[in-house]
Amino acid sequence: MSTGSHAGRPKSWVAVAVIFIGFTVGGVALTLGPNWPVFWAGAVIIALGGVLSWVVDIMSDVIVDEPQQ
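Remember, predicted model here, so these are calculated numbers, not experimental data.

Calculation notes
Residues numbered from 1 in each chain as written. Predicted model: local features only at pLDDT ≥ 70, side-chain atom pairs only at ≥ 80, totals over all residues. Heavy atoms only, no water. Helix = DSSP H or I, 4+ residues; strand = E, 2+ residues; numbered from the N terminus. Buried < 20%, exposed > 50% of the residue type's maximum accessible area, 1.4 Å probe, protein only. Contact = heavy atoms within 4.5 Å. Areas by Shrake-Rupley, 256 points an atom, 1.4 Å probe, with all protein chains shown as cover. Expected span 1.5 Å × (residues − 1). Phe/Tyr/Trp six-rings, centres within 6.5 Å; stacked < 30°, edge-to-face > 60°.

Draft legend 1. Broad picture of the overall build of the chain. On a plain count of helices and strands, the chain comes out with two helices and zero strands. Each of the 69 residues in the chain was classed as buried or not, and the buried ones make up 14%. Taking as baseline every contact in the chain between residues at least 6 positions apart, the subset at least 24 positions apart corresponds to 67%. As presented, the chain carries roughly 5300 Å² of accessible surface, and 73% of it is formed by carbon and sulfur atoms.

Written out as structure tokens, the structure is:
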């Protein structure tokens, strides 16, 4: 049994948080009207989070464990 953590690095979680904030901004904008300028601001935040995730190499946090039985 593996005792490793799938938590990831703090840098990666910051990138995830930025993307989550973008989805939240966009979702709230759609329910309030829709308010298209705020929706597109959320889309820009998501794109910035995507660039940030590429910069911090978020995919290197992937951990492949042996199958558990």
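There's plenty left to go through after this.
Draft legend 2. Spotlight on helix α2 (residues 36-55). Between its first and last C-alpha atoms α2 spans 29 Å; for 20 residues at 1.5 Å apiece the expected length is 28 Å, and the two agree. Contacts from the buried residues of α2 go to α1 (10-31). A positive backbone phi angle near 55 degrees is found at Asp57, which sits one or two residues after α2.

Draft legend 3. Structural view of the packing of aromatic side chains. Throughout the structure, instances matching the rule amount to two aromatic pairs. The interplanar angle of 85 degrees and the centroid separation of 5.5 Å between the aromatic rings of Trp36 and Phe39 together place this pair among those described as edge-to-face. Of this pair, Trp36 and Phe39 are both found in helix α2, three residues apart, which corresponds to roughly one turn of the helix. For Trp36, a relative accessible area of 45% corresponds to the partly exposed category. When its relative accessible area of 22% is taken as the criterion, Phe39 is described as partly exposed. Measuring from centroid to centroid gives 5.0 Å for Phe39 and Trp40, while their planes differ by 75 degrees, and the two rings are edge-to-face. You can call Trp40 exposed: its relative accessible area is 52%.

Draft legend 4. Layout of the environment of Ile21. Within the secondary structure layout, Ile21 lies in helix α1. Residue Ile21 is classed as partly exposed on the basis of its relative accessible area, which comes to 46%. Sequence separation between Ile21 and Gly49 is 28 residues; the distance between their C-alpha atoms is 9.1 Å.

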